[in-house]
Amino acid sequence: MLTKFETKSNRVKGLSFHSKRPWILASLHSGVIQLWDYRMGTLIDRFDEHDGPVRGVHFHKSQPLFVSGGDDYKIKVWNYKLHRCLFTLLGHLDYIRTVQFHHEYPWIVSASDDQTIRIWNWQSRTCIAVLTGHNHYVMCALFHPKEDLVVSASLDQTVRVWDIGALKKKTVAPADDILRLGQLSQMNTDFFGGVDAVVKYVLEGHDRGVNWASFHPTLPLIVSGADDRQVKLWRMNDTKAWEVDTMRGHMNNVSCVLFHSRQDIIVSNSEDKSIRVWDATKRTGLQTFRREHDRFWILACHPEMNLMAAGHDSGMIVFKLERERPAFSVSGDSMYYVKDRFLRFYEFSTQKDTQVIPIRRPGSTSLNQGARTLSYSPTENAILICSDLDGGSYELYIIPKDSFGRGESVQEAKKGIGGSAVFVARNRFAVLDKSSNQVLVKNLKNEIVKKVAIPIIVDSIFYAGTGNLLCRAEDRVIIFDLQQRMILAELQISFVRYVVWSNDMESVALLSKHSIIIANKKLMNQCTLHETIRVKSGAWDDNGVFIYTTLTHIKYCLPNGDNGIIRTVDVPVYITKVSANTMYCLDRDGKNRAIVIDATEYVFKLSLLKKRYDHVMSMIRSSELCGQAMIAYLQQKGFPEVALHFVRDERTRFNLALESGNIQIAVASAKEIDEKDHWYRLGVEALRQGNAGIVEYAYQRTKNFERLSFLYLITGNMDKLSKMLKIAEVKDDVMGEFHNALYLGDIKERVKILENAGHLPLAYITASVHGLHDIAERLAAELGDDIPSLPKGRSPTLLIPPSPVLCGGDWPLLRVMRGVFEGGLDNVGRNAQEEDEEAADADWGEDLDVVDLENMPNGDISMALEEEAHEENDEGGWDLEDLELPPEMDTPKTAGNAHSSVFVAPTPGMPVSQIWIQKSSLAAEHAAAGNFDTAMRLLSRQLGIRNFTPLKQLFLDLQVGSHSYLPTFSSVPVILVAVERGWTESASPNVRSPPALVFKFYQLEEKLKAGYKATTSGKFMEALRLFLSILHTIPLIVVDSRREVDDVKELIIIVKEYVLGLQMELKRRELKDNPVRQQELAAYFTHCNLQPPHMRLALLNAMTVCYKNGNLMTAANFARRLLESNPTNENQAKTARQVLQAAERNTNDKVQLNYDFRNPFVVCGATYVPIYRGQKDVSCPYCSSRFVPSQEGQLCTVCDLAVVGSDASGLLCSPSQMR
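Residues numbered from 1 in each chain as written. Predicted model: local features only at pLDDT ≥ 70, side-chain atom pairs only at ≥ 80, totals over all residues. Heavy atoms only, no water.

(A) Main features of the nonpolar core. Membership of the largest hydrophobic core comes to 91 residues, with the highest contact counts inside it found for Leu-939, Phe-1027, Ile-1034, Leu-1036, Tyr-1182, Cys-1183 and Cys-1199. The element that contributes the greatest number of residues to this core is helix α25 (residues 1042–1070), accounting for eleven residues. Core analysis: the next-biggest nonpolar cluster, separate from the first, contains 59 residues, Phe-17, Leu-203, Val-267 and Leu-299 among them. (Core = buried A, V, L, I, M, F, W, Y, C linked by side-chain atoms within 4.5 Å. Buried < 20%, exposed > 50% of the residue type's maximum accessible area, 1.4 Å probe, protein only. Helix = DSSP H or I, 4+ residues; strand = E, 2+ residues; numbered from the N terminus.)

Structure representation (structure tokens):
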């Protein structure tokens, strides 16, 4: 059983498939009717007007109706489009068991526990016949699919067949016959009872109540199932009906039994929790499907497809009994496939289909024994057919050359057992032996040539090139080389059903139930697609695009993972080959079909992806590519200028023009739309491009005077600014006047405006501060005693706007090469010349309302109008002469379709800091680029560093040190310039070098010398600070050669020893009251790897401490080591010899120390105890200091950076390490 869909719900008592749509109705014991889409697996609707269980439900064949009958004695007819019940048919007096629409007439048949069957006309909404005769509950009643018969089953142990021919005659009789027939039928009714439906046969044979009976779709057969656990087959003719056979096997009541609509089988289900499949001709059991806890109640068969459904105690299942995918193998221009127990040959170019040889099949004892896969060897003309027979087997056929066209010769196939079999070479095929997880390589004589064990458990094998197999495991696929017996590639993927290789074997598509993974031949995942509807098949086209089918669509997938729909399909098809615009496929009946597909969309997207812009150009010119999806795609992929040429809608054109920076098209679209918001957005974009003329035009169209004034200020257009002042005056806009006067630096005007507005104190202050004494005196006289006092001791500064750097005109635009889409695509579908002329002749002030008469005081109107007329006569007002348009507008056209030779600046390139980190794994270079996050991640991975506090300042120094900062104008931000390592004037500007770094190796060597000096002079704190500084800087050092890398690593070891030794010495000095611990720390210090002068000082120190505390034997050991080091200082040697002499007289130690100089050890960097050879320890991944195991996971106390015991890949400080 191949389960296609499953639901969990209350007990399902009724089921009905829709004849066309992928829908199924399920009526539940709870009174709810569910409408499911079994293809998508979704619940579409639920209907719950019945009170109590609904036992019967049925879809109408052509109308949007279904009927239901329940335990509330009601039959309801529903319209699923309107989502409601249309009407209720009342008449039955007990539970209704089944309901069914007639395939042709407006009738419904219903069976009820009131022992009657009723036939209803759903158009007139009346009962037209009552069939009485059963003397117990009628469990089911069904119309015959073609004849005028009804079959019913009852708990009275009989099956009855009713003839409803008279009812049909009554329905189709002409009007004048109805009266005559009416009188006759009335007479008959009086004498014999109704004759509309009469019993034709009563089938007796069951020992218990019969639960179900149904007709065969075409043959005169009836099948019934009863509480006696038997399934009986009956045959009938015109006069009688008789029992043919009984099928036994169910262990409990048989609840439903049907003939399969497309196969010669009977399917029954039962309360014994099983579904059984029977051979209808041999009447033998073929297969049994069991559920653990759920009894089965109902079966339904799809009227047109190979689908069945079964309802049980906790839901329902939609299933197929047999796989319908035809087995085929494509080779070049031809294909071999299996159909109806024949091997057939199909040629794509001629579409010629030939029967080749018959394939012998044993008598079927169960289902799904057909060919599952087919593998073909073209050179040997050999075919391997695999099936599920005997748990998986194969048959090998050698096709004779002369058998084409006849297909009669029967040859004995070479057989074998194996999970799957495929050709791996010209005359070798591989068979998977699942029991031993081996691949058996065989020759064409079916003899084993080689056995190869596969390292992982696999359940299927596929071809993967000569000598290679693609093996499927539970959670992955591998490519296995049979010759070298090794895995070549591996990919994690859930259960793969089919594998499709491209023609050049460079790419492979791995098809699962709901996903497709495209990978290369090394199984590197290139893209993954997820589909909600099941994926059925796929093939590669000539362009390297993968074409695939789902249950409902033909779709495509580009190499980058973009996918789309090519067309829909009515029935599922299996793609065999895609050639140009034709897709060849097999349908479920094994028929070859050639479907013409439109490849324009995916070829266009592929050309964009592969940057074949010449193809894109030609496709745009020649084809009708359009639609919102294509525009959105081009926008998403960064080609708004291409999308612009598909669009006719002005709003979309405007948005795309702004996005692509095409200001001319944006202006044209804005004129068409003419909305304030669009002019504003145009102004913002034009300002960004520095196109002052268009900014001015946009502000004029929206009458945005404040922005216009500010624009004139920053472009230095004082003439127009003074005009703006006059306009503000005319419009009585005091604030606008004052702003314009402020922008112009016109003090007298400002005083006048303040005076007119009644702000006399402000006017007086402005006049007196700026030295306009006569005006100030006049205002003082007006103010009288209220003269404001000016602050003492303050020197006023003149408030005049600075002169702009660049006066008037547009910003210079960078001239760039025409892109492939420019020129060739400019103004597709528009007249470019007209548009340019329109722009040139435009009256750039035509819509500007200079005078707003409504808002002016009456007295000023005539004056303002006179002023305006005077201005216009003098200077042309807002006419074109005053507008400095880009010079390119006036240049002669060089080509009919060329729009303008000035282009928008190209998109900025990648910042240098980003180039630095692109291929670098050096933390220092990431820090220099300012990418601290990745620098920290690299250090964490390479050296196990977790504490970045000591490195914070170093990171900042690196970033600041690798950039230079150039000041420009006072109002312009500082320009950041990347400083590169090893830059020369002769270097190519296109080649970027790595960043210049402030930390150099030689600086560390100098620090090391300073540390040595401080140690010698006993400045231990200073020395420790210097050595730690070296340890903290080394992770951010970059050197050139491998030899220098070794020097850096050696420096870490040297410095680490000093840091540990100095930390112990400083700790010793703190412990004044613990002489034992003092001696131990002094002793351990002598085991650090120090320079000879420092080692001698450490030995002298330890010797002195031990001698003073009476540990003469230990002191003698230090004295001996001191003399062995050949001290240059005679005093040191003399002291050592004296200690030795004293120790010879007294060879005892006063106290026992945790120190054994004979046993080699290292000192723990945290606890300062010896770790003797052979004892467990953990180390710091950066400085390699050793620690006792309890310190694992703690911060290293020596370097203060890394976590003890963490995993790290090692120091990376040179580009030479990455090569």
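(B) Broad picture of the packing of helix α23 (residues 1001–1016) against α25. With their axes 12 Å apart at the nearest point, α23 and α25 run at an angle of 25° to one another. Taken together, α23 and α25 sit at an angle that is classed as roughly parallel. In this structure, α23 meets α25 at a crossing whose hand is left-handed. In contact with Phe-1001, Leu-1004, Leu-1008, Tyr-1012 and Thr-1015 of α23, α25 contributes Asp-1047, Val-1048, Leu-1051, Ile-1054, Val-1055, Tyr-1058 and Leu-1062. Across the contact of α23 with α25, the residue classes break down as ten nonpolar, one polar and one charged. (Axes fitted to C-alpha atoms, helices over the stretch in contact; angles between N-to-C directions. Parallel < 35°, antiparallel > 145°, perpendicular 65-115°, else oblique. Left-handed = near helix turned anticlockwise from the far one by under 90°. Contact = heavy atoms within 4.5 Å. Nonpolar A, V, L, I, M, F, W, Y, C, P; charged D, E, K, R; others polar.)

(C) Region of interest: the UniProt feature "repeat: WD" (unreviewed entry) in the protein. In the numbering used here, UniProt assigns the "repeat: WD" (unreviewed entry) feature to residues 47–88, 89–130, 131–164, 203–244 and 247–288. Structurally, residues 131–164 comprises 0% helix and 59% strand, and the distance from its first C-alpha atom to its last is 10 Å. (UniProt positions renumbered as here; feature names shortened; annotations may be inferred.)

(D) Quick look at the pattern of salt bridges. In total, this model carries 43 salt bridges according to the counting rule given. A salt bridge links Arg-476 to Asp-475, with the nearest nitrogen and oxygen atoms 3.4 Å apart. Taking the relative accessible area as the measure of exposure, Asp-475 reaches 36% and is therefore partly exposed. We note a salt bridge from Arg-1069 to Glu-1065, for which the minimum N-O separation is 3.3 Å. Linking Arg-1069 with Glu-1065, this pair stays in helix α25, spanning four residues, or about one helical turn. One salt-bridge network, held together by shared partners, links Glu-6, Lys-8, Arg-291 and Asp-294. (Salt bridge = Lys/Arg side-chain N within 4 Å of Asp/Glu carboxyl O.)

(E) Region of interest: the packing of aromatic side chains. Counting across every chain of the model gives 32 aromatic pairs. Plain terms: the ring middles of Phe-423 and Phe-429 are 6.0 Å apart, the flat faces sit at 70° to each other, and that makes the pair edge-to-face. For the pair Phe-423 and Phe-429, a shared accessibility class is recorded, and that class is buried. Aromatic rings pair up to connect Trp-23, Phe-47, Phe-59, Phe-66, Trp-78 and Tyr-80 into one cluster. Between the NZ or CZ atom of Lys-13 and the centre of the ring of Trp-297, over which it lies, the distance is 3.8 Å. Sitting above the plane of the Trp-242 ring, Lys-240 keeps its charged end 5.4 Å from the centroid. (Phe/Tyr/Trp six-rings, centres within 6.5 Å; stacked < 30°, edge-to-face > 60°. Lys NZ or Arg CZ within 6 Å of the ring centre and 35° of its normal.)

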